[in-house]
Amino acid sequence: MARLKVKWLVFSTTLFVVIMFLGCAFTGKTKTTKIPEQKPRQEKVVEETAAVPDTSIEVVGIENSTRELVLRFRWAEALKALERDKSIDSLDKIFLAGFLNFKLGMYDKAESLLSGIVASDYELSDWARYLCAQAAFKRGDYDFAYRLVRNLGKLPGISTEIATIRWKSLWEMGDTQKAIAQLDSAYYAGYMRRREHDVQMAFVLRNTYHEDAAERRLVALLRVADILRDKDIMYRAIAELKKIHPLDPVSMYYIALTYYKYRDVDSALPWFKKYRASRHRKYRGRAGYYIAVCLIGQGKYSEAIKYIEKMLKEGSYSKASLYWRLAQCWRKKGKLKKAWKISEKALKLCNGCGNEKYIIFERMNIARYMLDWQKFAGECERMLRKHPSSEFADNALLWATLVHLTSDQPEKAAKLIKKYRIYFREGNFIDELNYWLAKSYEAMDSSEKADSLYLYLAKEPYENLFIWLARQKMGWVEFPNISYTKVGTLAVDSVLKYACHIIGVNPESLYVNFEDARLKRQAERLTRLGILELARPCFHALEEKLIKSNNPRLLLSLWKYYYNLGLYDLATKEGTLLNYYLGAKKNAAALMTAYPTPYFRIIDAFARQSNINPLLVYSIIRQESKFHNFAESYAGAIGLMQIIPETGYSIARRVGVNPFTKNHLNDYEINLKLGTNHIADLISSHGSLYKALAEYNAGNSQLSRWNQQCPNPQDDLVWTEFVDYGQTRRYIKKVVGNLFTYYWLYGRGD
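Residues numbered from 1 in each chain as written. Predicted model: local features only at pLDDT ≥ 70, side-chain atom pairs only at ≥ 80, totals over all residues. Heavy atoms only, no water.

**Looking at the overall build of the protein chain**
Test applied: Under the scheme used here, helices are H or I runs from DSSP no shorter than 4 residues and strands are E runs no shorter than 2 residues, and both carry numbers assigned from the N terminus. The size measure is the radius of gyration over C-alpha atoms, and the globule rule it meets is 2.2 Å times the number of residues to the 0.38 power. When accessible area is computed with a 1.4 Å probe and restricted to protein chains, residues below 20% of their type maximum are described as buried, those above 50% as exposed, and intermediate ones as partly exposed. Residues count as neighbours in contact if any of their non-hydrogen atoms are within 4.5 Å of one another.
For the protein chain, the helix and strand inventory stands at 40 helices and 0 strands. Against the compact-globule benchmark of 27 Å for 750 residues, the protein chain has a radius of gyration of 30 Å, which places it among compact chains. Burial statistics for the protein chain: of 750 residues in total, 55% are counted as buried. The contacts of the protein chain with a sequence gap of at least 6 include a subset with a gap of at least 24, amounting to 60%.

Okay, here's the thing in structure tokens:
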């Protein structure tokens, strides 16, 4: 009888909310469903010849529909637009209004709206139940939150959140034993990963007076930080550990070490010092060494030198390692001769130890700072002789080769490449070595050998920078124009027609038959509403049951499906896989699936305003975010063009985007406006695409040093190879390679 009463109550509530929402929600007569009115706004459409005003943050060429505003994270405007949007049915309106109120932090309104549809036959009722439970939990209504999720099954991407609401609601209501049972069952049923379970169980243990057990569990998690590589989990584990008093010295050490592994030296340093002050002996020497390294990372070289010299007197750590770091400090302070002598001492003390490759790499850096290129090449060759398979070997081989080439010693360069290239397996790097080998032959006047190698590279069925440069050498392509030019765009029907031709299927037969038809409908509905954060995990779950390996027809079908839905990041992923499996069989149409041109009207308008080629913008987006408009990087860069918030604020002030907050970077139009303007300014400032891309990726703090510490800074390609930030060096090459590909596909403008 109790269940019947609950069901009748939910049904009555559903009916009442639907009637009230449809009758009164947009008139402002009810408190729970009131949506503020907004005066109609004239839509702005930019023609091909029109410029985009600096102060505009309107969508260019796209109606400001509710979906578009949701996609752009403009929650308040989307809520107002929902009032006059007649294309969305009533239940979808209730769900979307609840979602938007939740995003705006109005949890009482969100709960009022969503509670009316959780027990209905509405297709997204499970997601409504989850959002309603989240709102109730945030309001402190734990009983209602628990009842909502008690019998809610797995939902893609949010199963952990559902399980957390379930057990934490019981916990907050004081039912400790049942909460712990729910937490364990969530882990064993596969609702949450082991590491997530460990952190949440540590919370339980700490709050049930089992702090020792909680501490052991959390420290065990931190010990494998470098294997798991999950910063969020590790920092949450640290937050739990900090609440335990008193804290064991070993825990202090692992907190510090975890911060250090995630390059957070400012947070690591005080914890290493706390550990040293505890007089615990086991990691004392190592902690002292890490204190010195953290001081170096903070730029406190004099303090680091004093600390290292103190440790050398104590004899508490490896002398070779301490002398290596001491040499690094003196190099940073500009005392290069002293640094060189200390590095020699470190090398003698090392005598083949595990740190030898790091000491040799430091000597390479000292020689580079000295601008002594022969000494630098000698240390590079030492690295190749002693550690040809180390992580520094690829840099050593390239740098030594380029030093010999710029010193008019191409025979040495060619000999070095031929001797050591057998140690490398990565395809793009082999192409790079072959390109520089061809350049060496060219400098030796062995034009036949050089042309043969260029031809071999040019015929490779891949699209990296050095293959395009070889094709340019053969006269097959030209270097892309960086200034604004009219370009073509992807036509879906044509792409499908010609891509299907090489696969041998009819375009009409391209259809994705997902196993779970209900989940597919739900994912499509969420996508139509613009709620991609809930839709994407659904598509990932649907794809898990498909066998995509060596199945071009399925991959092309998925590309068509995602592209038509506007999920350009997922479409690009499928297009990239398609081209990988097609290999040498691929044609331009197939390649277009991996190099699409979405948001064309917006990008073309901003590119015209900034006088840069729109294809350069696409090249950057493809490398930065793969067209994922909500992407966020490890360093905190956001959106399609991966702009760091601090940079975003300065660009926004310059171009007149006001108001501006960090959240605006998720708005793809604002992100594109800022990113396009930024790269155009950098190109204008440096007069070089390569150097502009270096600053776009790494900032301007190292550019002057890179200009100075290069044997031939006038050659952009040589300059790029001497950028000693590996991630930035790879980034430049990939973006310019993307630009060649885009220019070949769309540069003719037809």
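Having put the structure on the table, let's press on.
**Digging into the nonpolar core**
Basically, it comes down to this: Nonpolar cores were defined as sets of buried Ala, Val, Leu, Ile, Met, Phe, Trp, Tyr and Cys residues, with membership established by side-chain atoms within 4.5 Å.
Core analysis: the largest hydrophobic core is formed by 261 residues, its most contacted members being Phe95, Trp127, Phe272, Trp436, Phe539, Leu672 and Leu674. For this core, the element with the most residues is helix H40 (residues 726-746), which contributes 10 residues. If we ignore the near neighbours within four places in the chain, the residues touching Trp436 are Leu398, Thr401, Leu402, Leu405, Ile417, Phe466, Leu717, Val718 and Glu721.

**Looking at the pattern of salt bridges**
The criterion, for reference: Salt bridges, as used here, are contacts in which a Lys or Arg side-chain nitrogen is within 4 Å of a carboxyl oxygen on Asp or Glu.
As enumerated under the stated definition, the model contains 36 salt bridges in all. Two residues, Glu240 and Lys243, come together in a salt bridge whose shortest N-O distance is 3.9 Å. For Glu240, a relative accessible area of 9% puts it in the buried group. A relative accessible area of 43% places Lys243 in the partly exposed class. Members of the salt-bridge network, linked through shared partners, are Arg72, Arg74, Glu77, Asp667 and Glu669.

**Overview of helix H35 (residues 645-655)**
Since there are 3.6 residues in each turn of an α-helix, residues three or four apart along the chain are aligned in direction. Stated formally: The arc in question is the one traced by the directions running from the helix axis out to the C-beta atoms.
Turning to H35, its buried residues are Pro645, Gly648, Ile651, Ala652 and Val655. Down the axis of H35, the buried side of the element spans an arc of 120°, and every buried residue falls inside it. Looking at H35, the residues exposed on the side facing more than 90 degrees away from the buried face are Glu646 and Arg653. If you follow the buried residues of H35, they end up packed against helix H36 (668-686). Directly beyond the C-terminal end of H35, a positive phi value near 85° is found at Gly656.

**Points about the state of the cysteines**
Every disulfide links exactly two cysteines, by a covalent bond between their sulfur atoms. Defined as follows: Two cysteine sulfurs form a disulfide in these notes if their separation is within 2.5 Å.
Counted according to the given criterion, the structure contains 1 disulfide. Across a sulfur-sulfur distance of 2.2 Å, Cys350 and Cys353 are joined as a disulfide pair. Where Cys350 bonds to Cys353 through sulfur, the torsion about that S-S bond is close to -105°, and the disulfide is left-handed. What makes Cys353 partly exposed here is its relative accessible area of 27%. Cysteine Cys294 is unpaired, with the sulfur of Cys329 as its nearest cysteine sulfur at 12 Å. For Cys294, a relative accessible area of 0% corresponds to the buried category.

**As for the confidence of the model for the protein chain**
Caution applies to low-pLDDT parts of the model: their predicted coordinates are not meant to be read in detail. Rules: Confidence of the prediction at every residue is given by pLDDT, a number between 0 and 100.
Of the residues in the protein chain, 91% reach a pLDDT of 70 or more, and the chain-wide mean stands at 89. Below pLDDT 50 for its whole length, residues 1-11 participates in 1 contact with residues either more than four positions away or in separate chains. Note that pLDDT drops below 50 for residues 13-63; the model gives that stretch 108 contacts with residues more than four away or on any other chain.

**Focus on the environment of Ala692**
Its place among the elements puts Ala692 in helix H37 (residues 689-698). With relative accessibility at 0%, the residue Ala692 sits in the buried group. Spatially, the C-alpha atom of Ala692 lies 9.2 Å from that of Ile732, the residues being 40 residues apart in sequence. Not counting chain neighbours up to four residues away, the residues in contact with Ala692 comprise Ile679, Leu682, Ile683 and His686.

**Things to note about the packing of helix H6 (residues 125-139) against helix H7 (residues 142-149)**
Put simply, the rule is: In this analysis an axis means a line fitted to C-alpha atoms, helices contributing only their contacting stretch, and an angle means the value between N-to-C directions, from 0 to 180 degrees. Throughout this description, any angle smaller than 35 degrees is read as roughly parallel, any larger than 145 degrees as roughly antiparallel, any in the 65 to 115 degree range as roughly perpendicular, and the remainder as oblique. Left-handed is the label given to a crossing in which the near helix is rotated counterclockwise from the far helix by less than a right angle, and right-handed is the label when the rotation is clockwise. All residues other than Ala, Val, Leu, Ile, Met, Phe, Trp, Tyr, Cys, Pro, Asp, Glu, Lys and Arg, Gly among them, are scored as polar; the first ten of these are nonpolar and the last four charged.
At a minimum axis distance of 8 Å, the contact between H6 and H7 shows a crossing angle of 160°. With respect to their mutual orientation, H6 and H7 come out roughly antiparallel. The interaxial crossing formed by H6 with H7 has left-handed handedness. Across the interface between the two elements, Arg129, Cys132, Ala133, Ala136 and Phe137 from H6 touch Tyr142, Phe144, Ala145, Arg147, Leu148 and Val149 from H7. Considered class by class, the residues forming the contact of H6 with H7 number 9 nonpolar, no polar and 2 charged.

**A look at unusual backbone geometry**
The peptide bond linking His245 to Pro246 adopts the cis configuration, its omega dihedral lying at -10°. With respect to the helices and strands, Pro246 occurs in the loop between helix H13 (231-242) and helix H14 (249-261). The residue after Asn658, namely Pro659, is reached through a cis peptide bond having omega 5°. Inspection of the secondary structure puts Pro659 in the loop between H35 and H36. Even without being a glycine, Arg263 presents a positive backbone phi close to 60°. Mapped onto the elements, Arg263 comes out in the loop between H14 and helix H15 (265-277).

**Overview of the packing of aromatic side chains**
We apply this condition: Side-chain rings of Phe, Tyr and Trp, where Trp is taken by its six-membered ring, are said to pair if the distance between their centres is within 6.5 Å; with planes under 30 degrees apart they count as stacked, over 60 as edge-to-face, and otherwise as tilted. Counting as a charge over the ring demands two things of the Lys NZ or Arg CZ atom: a distance within 6 Å of the ring centre and an angle within 35 degrees of the ring normal.
On inspection of all chains with the given rule, the structure shows 54 aromatic pairs. Pairing Tyr254 with Tyr283 gives two aromatic rings, centres 6.0 Å apart and planes at 80°, and the pair type is edge-to-face. Residue Tyr254 is found in helix H14, and its partner Tyr283 is found in the loop between H15 and helix H16 (284-297); the two are separated by 29 residues along the sequence. Ring geometry for Trp399 against Phe722: centres 6.0 Å apart, planes inclined by 20°, an arrangement best described as stacked. A residue pair is termed long-range when its members are at least 10 positions apart, and Trp399 in helix H22 (residues 393-406) and Phe722 in the loop between helix H39 (716-721) and H40 qualify at 323 residues. In terms of burial, Trp399 and Phe722 fall into one category: buried. The residue whose ring lies beneath Lys231 is Tyr634, and the NZ or CZ to ring-centre distance is 4.9 Å. Seen from the ring of Trp399, Arg368 lies directly overhead, with NZ or CZ sitting 5.4 Å from the centre.

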